[in-house]
Amino acid sequence: MEAFDPAELPELLKLYYRRLFPYSQYYRWLNYGGVIKNYFQHREFSFTLKDDIYIRYQSFNNQNDLEKEMQKMNPYKIDIGAVYSHRPNQHNTVKLGAFQAQEKELVFDIDMTDYDDVRRCCSSADICSKCWTLMTMAIHIIDRALKEDFGFKHRLWVYSGRRGVHCWVCDASVRKLSSAVRSGIVEYLSLVKGGQDVKKKVHLSEKIHPFVRKSINIINKYFEEYALIDQDILGNKESCDKILALAPETIHDKLQEAFQNCHNSLQRWEEVKKIARCPNNIKNNKCGPWLDCEIMLQYCFPRLDINVSKGINHLLKSPFSVHPKTGRISVPIDLQKVDQFDPFTVPTISSICHELDAISTNEKEKEENKSESDIKHRTKDYKKTSLAPYVKVFEQFLENLDKSRKGELLKKSDLQKDF
C-alpha cells in the first residue's frame, strides 16, 4: 500500500467527504429508524480541524445538513457524543443546568499503549502484526461477554485507524443506561488493575468466575504463539525477572533454578505451570492455585479505558473518520473474520482517493459515449474502491438493527391487539 503523506491531507479530505464518505448508511445508523423524535437532531458531533482547532456541540437537522457541513469544514477527525435534551448547537441558549446528556451507545476503547508494560516488540503508538494479537484477543473476550453474559445484540467493532479498537453497543435499551450501570458493566469486564507502580495487576480468588474462565479459554488459543514465541516473554533474564515479580517469593528459587536448565520461553513456561500447580506448593500456601492463569491474564487480558465507557457525555472517534497521522480510515471490523483482520491492509485516504481518480479518468472516456440516463445510474463512488467491503460490514450491522427494530414494533402491535 502506498505511503501516506500528511501534507496531502487537506486535498484528500475534500475528495473523501465529497465522494467517498458513506453518508446514507451513517445517517441511517444514528437516526435509528427515526423512531424517537429529534433523536438525530439532538446528537452531538465534534470536529477537529486543521491545526488542532476543536469544535464541540455541532448538531444537524438531517443527512443533507450533515453532508453540507462536513464538505464545508473537511474535519481531520470526527467524534460522536451523546443525544442531549436540547439541540447541542443551541446549548448556549438553554437555561443553566437544563442541557443534559440523555442517551448514548455503550462504548469501549482499547488502546495498544496500555499494554506497553507487557509487549516487547513495540511501544507507544507503534504496532506490528506480533502485538496486534492483543486486539484480536480483546475483541473475542469482550464481544463474547457482551453477547452471552449481558445479552447485547448490536455490537459494532471499529478499528481506530492507528493502534486500537472501539466497540459501540447500540441496542435501544443499552443506549438508555445510566452512568452507574455503565460503570458496573465495565468493572465486570476489567481484571487488570493498578498503575505503573503495581507489579502484580491480576489477583484471582479461589473460585474462578465463569467470565474469567471463558476469557482464559480464549487466551489459551493464542498464548503459545503470541506470548511464548512472538513476544518471547521468558526469553532473557530481564523478561524472566518480570515474570518472577508476579510469583510469590517462596517459589522464586525453584523457578530460577528451573529457568536455568531451559533453553527457551516454551520450556520455561512449562516449568512455571508445573511449579505453580504443584499440590505441595498450594497446600503449604507457597503459591495460589492460579498463578499461571494470573500471568496469562496480566499479559493478554483486555485493558479498557474505564472513563470512556462510564460517561454518557464522553465523545468517541466516529467510524469512517480518518486518522490524521496514518491516513487510515476507521473501518468496521467483521466479527466473523476477527482473526483475519489486518490493520496494515486497511485502506488509507490516499489509496482510496487514488483508486477513485484512476477509475474516474477511465469512466470519463466511457461516459462521453453514454446517454444521460445511463450516467444518472452510476455506481456509488466508494463501491469502486477498497473501502467497499468495510461499508458492506457496516450495512450488515444496520440490517440487523432494522430487523430487530421491526421485530420489536411487531411485538408491541401484537400485545396491543391482545388487549
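From a predicted model like this one, the values you see are computed outputs, not experimental measurements.

Caption draft 1: Inspection of the environment of Lys-176 at higher detail. Here Lys-176 is to be found in the loop between helix H5 (172-175) and helix H6 (179-188). With residues near it in sequence (within four places) discarded, Lys-176 still touches Glu-103 and Arg-182.

Caption draft 2: Summary view of the domain arrangement of the chain. Along its sequence, the chain is carved into domain 1 (6-108 + 154-181 + 305-365 + 379-416) and domain 2 (193-300). For domain 1 versus domain 2, the distance between C-alpha centres works out to 40 Å.

Caption draft 3: Local environment of the nonpolar core. Membership of the largest hydrophobic core comes to 125 residues, with the highest contact counts inside it found for Tyr-16, Trp-29, Phe-45, Phe-108 and Ile-349. Among the elements that make up this core, the one with the highest residue count is helix H4 (residues 129-149) (11 residues). Residues from two domains meet in this core; each of domain 1 (6-108 + 154-181 + 305-365 + 379-416) and domain 2 (193-300) gives at least three. Those residues in contact with Ile-349 that sit more than four places away from it in its chain are Phe-4, Leu-9, Leu-12, Leu-13, Tyr-16, Val-322, Gly-327 and Ile-329.

Caption draft 4: Spotlight on the packing of aromatic side chains. In the structure shown here, the tally under the stated rule is 27 aromatic pairs. Centre to centre, the rings of Tyr-17 and Phe-21 are 6.0 Å apart; their planes meet at 50°, and the pair counts as tilted. Ring centres of Phe-211 and Phe-301 lie 6.0 Å apart, and the angle between their planes is 80°; this geometry places the pair in the edge-to-face category. Here Phe-301 lies in the loop between helix H12 (291-300) and helix H13 (306-310) and Phe-211 lies in helix H7 (residues 210-230), a separation of 90 residues in the sequence. The pair formed by Phe-211 and Phe-301 is uniform in burial state, with each residue classed as buried. Seen from the ring of Tyr-32, Arg-175 lies directly overhead, with NZ or CZ sitting 3.5 Å from the centre.

Caption draft 5: Structural detail: the environment of Phe-150. Its location among the elements puts Phe-150 in the loop between H4 and strand S6 (155-159). Since its relative accessible area comes to 28%, Phe-150 is described here as partly exposed. Taking the C-alpha atoms as reference points, Phe-150 and Cys-128, separated by 22 residues in sequence, lie 32 Å from one another. Sequence-distant contacts of Phe-150, that is, excluding residues within four places in its chain, are made with Ala-145, Ile-185, Tyr-188 and Leu-189.

Caption draft 6: Geometry of the packing of helix H10 (residues 265-276) against H12. Contact geometry of H10 with H12 gives a least axis separation of 8 Å together with a crossing angle of 135°. Taken together, the axes of H10 and H12 are oblique relative to one another. Along the contact surface, H10 presents Trp-269, Val-272, Lys-273 and Ala-276, while H12 presents Leu-291, Asp-292, Ile-295 and Met-296. A breakdown of the residues in the contact of H10 with H12 according to their chemical character gives 6 nonpolar, no polar and 2 charged.

Caption draft 7: Structural view of the pattern of salt bridges. As enumerated under the stated definition, the model contains 24 salt bridges in all. The closest approach of N and O atoms between Lys-72 and Glu-69, which form a salt bridge, is 3.9 Å. Of this pair, Lys-72 and Glu-69 both sit in helix H3 (residues 63-73), 3 residues apart, roughly one helical turn. On the basis of relative accessibility, which here comes to 21%, the residue Glu-69 falls in the partly exposed class.

Caption draft 8: Up close: the sheet that holds S6. Ordered by their spatial adjacency, 3 strands build an open sheet running S5-S7-S6, and the pairing between neighbours is antiparallel. Taken across any chain shown, the strands that pair with only one partner, and hence form the sheet edges, are strand S5 (106-111) and S6. Sheet twist, expressed as the average angle between the axes of neighbouring strands with direction ignored, equals 15°. Its contacts with the sheet put H4 on S5, S6 and strand S7 (164-169), and the angle it makes with S6 is roughly 170°.

Caption draft 9: Expanded view of unusual backbone geometry. At Tyr-32, a residue that is not glycine, the phi angle is positive and equals roughly 45°. At Asn-38, a residue that is not glycine, the phi angle is positive and equals roughly 65°. The residue Asn-38 is located in the loop between helix H2 (23-31) and strand S1 (43-49) in this model. The exposure class assigned to Asn-38 is partly exposed, which follows from its relative accessible area of 27%.

Caption draft 10: Representation of the pairing of S1 within the structure. The buried count for S1 comes to 7 of 7 residues, which makes it a mostly enclosed element. Residues of S1 alternate between two faces, with Arg-43, Phe-45, Phe-47 and Leu-49 on one and Glu-44, Ser-46 and Thr-48 on the opposite face, all of them buried. Here S1 runs beside strand S3 (residues 77-84); their pairing, made up of 5 bridges, is antiparallel. Counted as the bridge partner of Phe-45 is Ile-80 from S3. Pairing of S1 with strand S2 (residues 53-58), which is carried by 4 bridges, proceeds in the antiparallel orientation. Bridge pairing links Thr-48 to Tyr-54 in S2. Between the end of S1 and the start of S2, which pair antiparallel, lie 3 residues, with Asp-51 showing a positive phi angle near 60°.

Caption draft 11: Inspection of the packing of H7 against H12 at higher detail. Where H7 meets H12, the axes come as close as 10 Å, and the angle between the chain directions of the two elements is 75°. Relative to H12, the element H7 is oriented roughly perpendicular. In contact with Val-212, Ile-216, Ile-219, Asn-220, Phe-223 and Tyr-226 of H7, H12 contributes Cys-293, Met-296, Leu-297, Tyr-299 and Cys-300. Within the contact of H7 with H12, the residues separate by chemical class into 10 nonpolar, 1 polar and no charged.

Caption draft 12: Fine view of the side chain of Gln-25. Within the secondary structure, Gln-25 is located in helix H2. Of note is the side chain of Gln-25, whose polar atom sits 2.7 Å from the side chain of Glu-395.

Rules and cut-offs
- Residues numbered from 1 in each chain as written.
- Predicted model: local features only at pLDDT ≥ 70, side-chain atom pairs only at ≥ 80, totals over all residues.
- Heavy atoms only, no water.
- Helix = DSSP H or I, 4+ residues; strand = E, 2+ residues; numbered from the N terminus.
- Contact = heavy atoms within 4.5 Å.
- Domains from an automatic or database assignment.
- Core = buried A, V, L, I, M, F, W, Y, C linked by side-chain atoms within 4.5 Å.
- Buried < 20%, exposed > 50% of the residue type's maximum accessible area, 1.4 Å probe, protein only.
- Phe/Tyr/Trp six-rings, centres within 6.5 Å; stacked < 30°, edge-to-face > 60°.
- Lys NZ or Arg CZ within 6 Å of the ring centre and 35° of its normal.
- Axes fitted to C-alpha atoms, helices over the stretch in contact; angles between N-to-C directions.
- Parallel < 35°, antiparallel > 145°, perpendicular 65-115°, else oblique.
- Nonpolar A, V, L, I, M, F, W, Y, C, P; charged D, E, K, R; others polar.
- Salt bridge = Lys/Arg side-chain N within 4 Å of Asp/Glu carboxyl O.
- Pairing = 2+ DSSP bridges.
- Polar contact = N/O pair within 3.5 Å; in protein donor to acceptor, adjacent residues only side chain to side chain.

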